[in-house]
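One letter stands for each residue in the lines below.
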Amino acid sequence: MNKNKFFLFLYAATTRVFIDLVGRLMLAEIIALVTLPSINIRKLLKKFEGLKTVLVGLAVFLTAQIISDIVNQSDSSDYLRGWAMIVFSMVSTIYLVNHLSKDSYGIVYYLFGLFIVLLIFGEGDLDLGAMAENTNYFKARFVGFLNPLLILVAYQLYRKNNKRLVSLLFLAFGLICMILDARSNGLIFIISAVLVYIKTTGIRFSRFKIILLGVIISGILYAGFIFYVNQVLHNGIGGSNARTQLNMASNPYNPFELIYYGRSDFFVLVQAVADKPIFGHGSWGKDTQGKYSEILMLISDKINSNDIGYIPAHSVFLGSWAYAGIIGFISILVVFLTLFKYSLKIYKSKIKSHILPIIIILSLDMLWAFLFSPLGTLRTSFPIFAAIIIVEYKRLLMTRQIQLLIETKSKFNNNVL
């Protein structure tokens, strides 16, 4: 293990060690901050255009957040946490890009470190029997370490050219997650299985094929959804959360209703944005009159105790707008759209990458987080996603340039002969 791989492993392995300083910081973030002076940031920015886009976007977001906090006169305890989240997102992204830039396959060591720390220090005991009483237990305790483990196995299979087995592995794990009440995680792995299969078959896409394939896949996924709903309502699989949300829906076979009741925080944010669209509500926007808690209760009949007194920003997409206003929203939108565009180009490229299954899983996971996960995702899972996409996209561009030079030289030599 070289130095860069060690630092990637170290970062992942210390994400579960916390220090109370300007909120709750991960030891990994402290390590990234301490080593920041030793990193040639100017060189990284010159080499990786994507890193510049991300850092500028986050800097604009931070500026918008500061303005919002001034306008809203946010409490110091709230705005310091809000600002720290953005700053450490930037610091961690620089750290990870720096070490992945030496060898993008170092992400394997990051995932291994994540697997180890979540296996040992995950919340609760490794007790399968607890799932009988709490259907959330599998998602809360097991999914955290099983995800990186499955991705590592997929990487090894893909690297050894057993690519179709990767699709089967992702599909099987996705279905298990659906059965054990980890639906969003299961959906990510099922869609990843489809994307890996499409990539490995080498289909040449035309506009007609894309439309046709989209219709076929949508039909298959909806048929699977109908089967899943029937199993949850009539055969008891899927856990109490799934049954509760489906029973609340007027039409349980409408997947959008399931999203409405399952991700009700998103729709609360729509109202929060409408109330203060220009400057937002400030860091950890206050719900002083209980208006947003009441809306959440009307939709889902449930409130997260951690969100009492605050607007629940369980969406990076709308949370950035609700907390930092329209400028903050636009800056975050630019950052994510740029990274998703890079990810799509990596997927579509004919240049081989052994870490493609990792790219696919991280991209879909981040897409879901962008829509439906807390704003704190910018500190946790965003930096590694941003870093690997930035580094791998640059590798793609450099490989293309080398291939173009070789082809040009070959044509020149043939013409001379």
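Before going into details, it helps to say that this report is about the structure given with it. (Residues numbered from 1 in each chain as written. Predicted model: local features only at pLDDT ≥ 70, side-chain atom pairs only at ≥ 80, totals over all residues. Heavy atoms only, no water.)

Looking only at helices and strands, the protein features 17 helices and two strands. Against the 2.2 N^0.38 benchmark of 22 Å for 417 residues, the protein shows a C-alpha radius of gyration of 22 Å, consistent with a compact globule. Across its three principal axes, the protein shows a C-alpha extent of roughly 80 × 50 × 45 Å. A fraction of 72% describes how many contacts in the protein between residues 6 or more apart in sequence connect residues 24 or more apart. In the form shown here, the protein has an accessible surface area of approximately 21,000 Å², with 64% of it arising from carbon and sulfur atoms. Computed over 39 positive and 22 negative side-chain charges, the inter-centroid distance for the protein is 19 Å. (Helix = DSSP H or I, 4+ residues; strand = E, 2+ residues; numbered from the N terminus. Rg over C-alpha atoms; globule rule 2.2 N^0.38 Å. Contact = heavy atoms within 4.5 Å. Areas by Shrake-Rupley, 256 points an atom, 1.4 Å probe, with all protein chains shown as cover. Lys, Arg positive; Asp, Glu negative; His and termini not counted. Charge placed at Lys NZ, Arg CZ, Asp CG, Glu CD.)

Another aspect to go through is the packing of aromatic side chains. Each aromatic ring pair is characterised by the separation of its centres together with the angle its planes make. The final tally for this structure, using the stated rule, is 29 aromatic pairs. Seen from the ring of Tyr347, Lys199 lies directly overhead, with NZ or CZ sitting 5.5 Å from the centre. (Phe/Tyr/Trp six-rings, centres within 6.5 Å; stacked < 30°, edge-to-face > 60°. Lys NZ or Arg CZ within 6 Å of the ring centre and 35° of its normal.)

A few words on the pattern of salt bridges. Enumeration over the complete set of coordinates arrives at seven salt bridges. Note that Asp75 is salt-bridged to Lys286, the shortest N-O span being 2.8 Å. Of this pair, Asp75 sits in the loop between α4 (49-72) and α5 (76-100) while Lys286 is found in the loop between α13 (264-275) and α14 (291-300), placing the two residues 211 residues apart along the sequence. Residue Lys286 is classed as partly exposed on the basis of its relative accessible area of 35%. Linking Glu392 and Arg395 is a salt bridge whose minimum nitrogen-to-oxygen distance equals 2.9 Å. Taken together, the positions of Glu392 and Arg395, both in helix α17 (residues 382-416) and three residues apart, correspond to about one turn of that helix. (Salt bridge = Lys/Arg side-chain N within 4 Å of Asp/Glu carboxyl O. Buried < 20%, exposed > 50% of the residue type's maximum accessible area, 1.4 Å probe, protein only.)

Trans is the prevailing form of peptide bonds, just as negative phi is the prevailing case for residues other than glycine. The backbone phi angle of Gln73 is positive, close to 50°, even though this residue is not glycine. Its location among the elements puts Gln73 in the loop between α4 and α5. In this structure, Asp181 is a non-glycine residue whose phi angle is positive, near 70°.

α14 packs onto α13 with a crossing angle of 145° between their chain directions and a minimal axis gap of 9 Å. The interaxial crossing formed by α13 with α14 has right-handed handedness. Residues Ser264, Asp265, Phe267, Val268, Gln271, Ala272 and Asp275 of α13 pack against Lys291, Tyr292, Ile295, Leu296, Ile299 and Ser300 of α14. A class-by-class count of the residues in the contact of α13 with α14 yields seven nonpolar, three polar and three charged. (Axes fitted to C-alpha atoms, helices over the stretch in contact; angles between N-to-C directions. Left-handed = near helix turned anticlockwise from the far one by under 90°. Nonpolar A, V, L, I, M, F, W, Y, C, P; charged D, E, K, R; others polar.)

Right, let's talk about the nonpolar core for a bit. What tends to happen in soluble globular proteins is that the nonpolar side chains get buried as a cluster. The biggest cluster of nonpolar side chains holds 107 residues, and the ones touching the most others in it are Ile107, Tyr110, Phe336, Leu339, Leu378 and Phe382. The dominant element in this core, judged by the number of residues it contributes, is helix α15 (residues 316-348), at 15 residues. Setting aside residues up to four positions removed in sequence, Leu339 forms contacts with Val54, Phe382, Phe385, Ala386, Ile389 and Ile390. Ranked by size, the runner-up nonpolar core spans nine residues in total, among them Phe225, Val229, Ala242 and Leu246. (Core = buried A, V, L, I, M, F, W, Y, C linked by side-chain atoms within 4.5 Å.)

Further remarks concern α4. In an α-helix there are 3.6 residues to a turn, and that puts residues three or four apart on one side. In this model α4 runs 35 Å from its N-terminal to its C-terminal C-alpha over 24 residues, within 8% of the 34 Å that 1.5 Å per residue would give. Of all the residues in α4, the buried ones are Gly50, Leu51, Val54, Leu55, Gly57, Leu58, Phe61, Leu62, Ala64, Gln65, Ser68 and Asp69. Downstream of α4 by a residue or two, Gln73 has a phi angle that is positive, lying close to 50°. (Expected span 1.5 Å × (residues − 1).)

Turning to the environment of Gly262, a few remarks are in order. In this structure, Gly262 sits in helix α12 (residues 255-262). Judged by relative accessible area, which is 18%, Gly262 ranks as buried. In this structure the C-alpha to C-alpha distance between Gly262 and Asn247, which are 15 residues apart in sequence, comes to 12 Å.

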